[in-house]
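Reading the structure
Below, each chain spelled out in residue letters.
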Amino acid sequence: MSVQLEQITHRNPRNGRPIVDNVSLAVASGSFTALVGPSGAGKTSLLRIIAGLDPHQAGHVSIDGTRVDTLDARARNIGFVFQHYALFAHMSVAANIGFGLSVRPRGQRPRRDVIARRVEDLLDLMQLSGLGGRHPHELSGGQRQRVALARTLATGPRVLLLDEPFGALDPLVRRQIRGWLRSLHERLGLTTILVTHDRQEAAELADTVVLMRHGRIVQAGTPQALEDTPADPFTMAFTGDLVRLGGRVENHVFTPDLPDILPVTAPIAAGPAELLVRPVDIALRPGQGQATAVLRQARGPLGLYDVRLGTDTLQVETLMPPDRPRILPHCALDVTAGRLARDNAWASVETPPFPGPPSIHPTGERIHAQHS
Ligand SMILES: Nc1ncnc2c1ncn2[C@@H]1O[C@H](COP(=O)(O)OP(=O)(O)OP(=O)(O)O)[C@@H](O)[C@H]1O
């Protein structure tokens, strides 16, 4: 089932300020969407509006093309799992899972044996076979959250909303559950929307990542698109590790304030600017400057280096030379890709592949030696 949001606005009833501000989003049927953003961005509020648990003062929510603004939460047939989803402590796991079906009005309530079969199927699906007779306190945190998910899925929703459901679990269990959740989503043909603070989790699970801030959508796209072509400095900072280099643009060349970083071409007007770079997009050029790089950690072919530039230290993740020296003296740093920011200016700098030892001309221009 698809979910469409058209210009949804929800205001704080106390002060009238928008909590969700004119949000439009099309969620394709069968897709997995992650809502990410800083605390207070409006992610949970948006999820609750989709579920029909919170009101909205403007705009429309549609499911499969039908407006559901006036339908209550139950009639929307949407499943919702919260981080602190309380199971009934006095009920068995099986009774918890079957609860939603067993309290249906008489005409809609399945027979007891049908509910029992459905519960068994869900226990199998959740990899909880044989645990139906236990009580919640006899389960691990990860198992309890899977029971919560089974309980939500028992009534057969096609849209699943998850609000940090694994936030309280330890990182290892959380990673295991990720793979399992994605395959569950696919097997059941669900349309899933997940709120998470974990950008790695969002990138691994979701087809589309939606980044929110101040109640608005800043950018929506594939995890790769957000990382590779961030719409602004906020998105770039949110979607990956970042090094920020202050400096100045003159004659379309950006020269960082720190020493021993090669200038880059700058498609913005002259003046102060900031260069935002992923650590993996900084290469070390041994023998080209005065900086010292100290290997902190090897990660396969990549090395995480602390690079001392004057009184500052930058962290750089880059290909290690074959002999993997622990200390590389006399280095310069070469920014191979990044983005320049100033006020409303936001432009990418791409430098050509390194053709040979560069030197820095007194005018600040980068000069590459010719291939011989
Ligand atoms: N019922 C409410 N009444 C008043 N303010 C609210 C209400 N619900 C949410 N807010 C406010 O709206 C803003 C958005 O809250 P929301 O929980 O949706 O953000 P979030 O992005 O999910 O944050 P977090 O990541 O911390 O869970 C916050 O400033 C919050 O205090």
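My aim in this report is to walk through the structure given alongside it, one point at a time. (Residues numbered from 1 in each chain as written. Predicted model: local features only at pLDDT ≥ 70, side-chain atom pairs only at ≥ 80, totals over all residues.)

**Points about the sheet that holds strand 1 (residues 3–11)**
Let me state the cut-off plainly: Here a strand pair is declared whenever DSSP counts at least two bridges between the two strands. Numbering goes from the N terminus for both helices and strands, where a helix is a DSSP run of H or I of at least four residues and a strand is a run of E of at least two. Each residue gets a C-beta atom placed from its backbone, and two residues are in contact if those atoms lie within 7 Å. Axes here mean lines fitted to C-alpha atoms, for a helix over just the part in contact, with angles spanning 0 to 180 degrees between N-to-C directions.
One open sheet accounts for 4 strands, arranged 2-1-4-5; its pairing is antiparallel. Strands at the two margins of the open sheet, each flanked by one partner only, are strand 2 (18–27) and strand 5 (66–67). Note that strand 4 (residues 58–63) and strand 5 share 2 bridges and pair antiparallel. Opposite S62, over in strand 5, you have R67 as the bridge partner. On the sheet, helix 1 (residues 43–51) packs against strand 1, strand 2 and strand 4 and is oriented at approximately 60° with respect to strand 2.

**What about the site of the ligand?**
Threshold: Near residues are defined by distance alone, with the backbone-placed C-beta atom required to lie within 6 Å of the molecule or strand.
Every residue near the ligand is listed here: N12, R14, I19, G37, S39, G40, A41, G42, K43, T44 and S45. Here the element with the most residues in the shell around the ligand is helix 1; it accounts for 3 residues.

**Quick word on the nonpolar core**
Condition: Any nonpolar core is a set of buried residues, restricted to Ala, Val, Leu, Ile, Met, Phe, Trp, Tyr and Cys, that join up through C-beta atoms within 7 Å. The burial label depends on the number of other C-beta atoms within 10 Å of a residue's C-beta. Counts of 20 or more mean buried, 12 or fewer mean exposed, and intermediate counts mean partly exposed, with C-beta atoms placed from the backbone.
Among the nonpolar cores identified, the biggest contains 56 residues, and A34, L35, I50, A150 and L161 are the most heavily contacted of them. Among all residues touching L35, those that are not within four sequence positions of it are K43, L46, L47, I193, V195, V210 and M212.

**Some remarks on the pairing of strand 3 (residues 32–36)**
The element strand 3 is largely enclosed, with a buried count of 5 among its 5 residues. In this structure, strand 3 lies alongside strand 9 (residues 208–213), joined through 4 bridges in parallel fashion. Across the sheet, V36 pairs through a bridge with L211, a residue of strand 9.

**Thoughts on the packing of helix 2 (residues 93–102) against helix 4 (residues 141–153)**
As a reminder, the rule being used: Note on terminology: angles under 35 degrees are roughly parallel, angles over 145 are roughly antiparallel, angles of 65 to 115 are roughly perpendicular, and the others are oblique. By definition, turning the near helix anticlockwise from the far helix through less than a right angle yields a left-handed crossing, and turning it clockwise yields a right-handed one.
Where helix 2 contacts helix 4, the two axes come as close as 6 Å, and the packing angle between them is 30°. With respect to helix 4, the element helix 2 is oriented roughly parallel. In terms of crossing hand, the pair formed by helix 2 and helix 4 is right-handed. Packed against helix 2, whose contacting residues are V93, N96, I97, F99 and G100, the element helix 4 presents V147, A150 and R151 at the interface.

**What to know about the packing of helix 2 against helix 3 (residues 112–125)**
As a reminder of what qualifies: Put simply, Ala, Val, Leu, Ile, Met, Phe, Trp, Tyr, Cys and Pro go in the nonpolar bin, Asp, Glu, Lys and Arg in the charged bin, and everything else, Gly too, in the polar bin.
Two elements in contact, helix 2 and helix 3, have axes separated by 9 Å at closest approach and are oriented at 130°. Taken together, the axes of helix 2 and helix 3 are oblique relative to one another. The two elements helix 2 and helix 3 meet at a crossing, and its hand is right-handed. Two secondary-structure elements touch here, helix 2 through A94, I97, G98, L101 and S102 and helix 3 through I115, R118, V119 and L122. Counted by class, the contact of helix 2 with helix 3 contains 6 nonpolar, 2 polar and 1 charged residues.

**Here's the deal with the sheet that holds strand 16 (residues 302–309)**
Taking strand neighbours across the sheet as the criterion, the 4 strands line up as 17-16-15-18 in an open arrangement whose pairing is antiparallel. What marks the edges here is a single partner per strand, and that holds for strand 17 (312–319) and strand 18 (327–335). For this sheet the average axis-to-axis angle between neighbouring strands, irrespective of direction, equals 50°. In the sheet, strand 15 (residues 282–299) pairs with strand 18 via 8 bridges, with the strands oriented antiparallel. When the sheet's bridge partners are listed, R285 is paired in strand 18 with A332.

**Structural notes on the pairing of strand 8 (residues 191–195)**
Quick reminder of the rule: Here a crossover is taken to be right-handed if, once the strands point away from the viewer, the path from the first strand over the helix to the second is traced clockwise.
Within strand 8, 5 of the 5 residues are buried, which leaves it mostly tucked inside the rest of the structure. Of the two faces of strand 8, the one carrying T191, I193 and V195 and the one carrying T192 and L194 are both buried. For strand 3 and strand 8, the ladder comprises 4 bridges, and the chain directions are parallel. Its bridge partner lying in strand 8, T33 is registered against I193. Note: strand 7 (residues 159–163) against strand 8, 5 bridges, orientation parallel. What sits directly across from D163, in strand 8, is V195. As a crossover connection, the stretch from strand 7 through helix 5 (residues 171–187) into strand 8 is right-handed.

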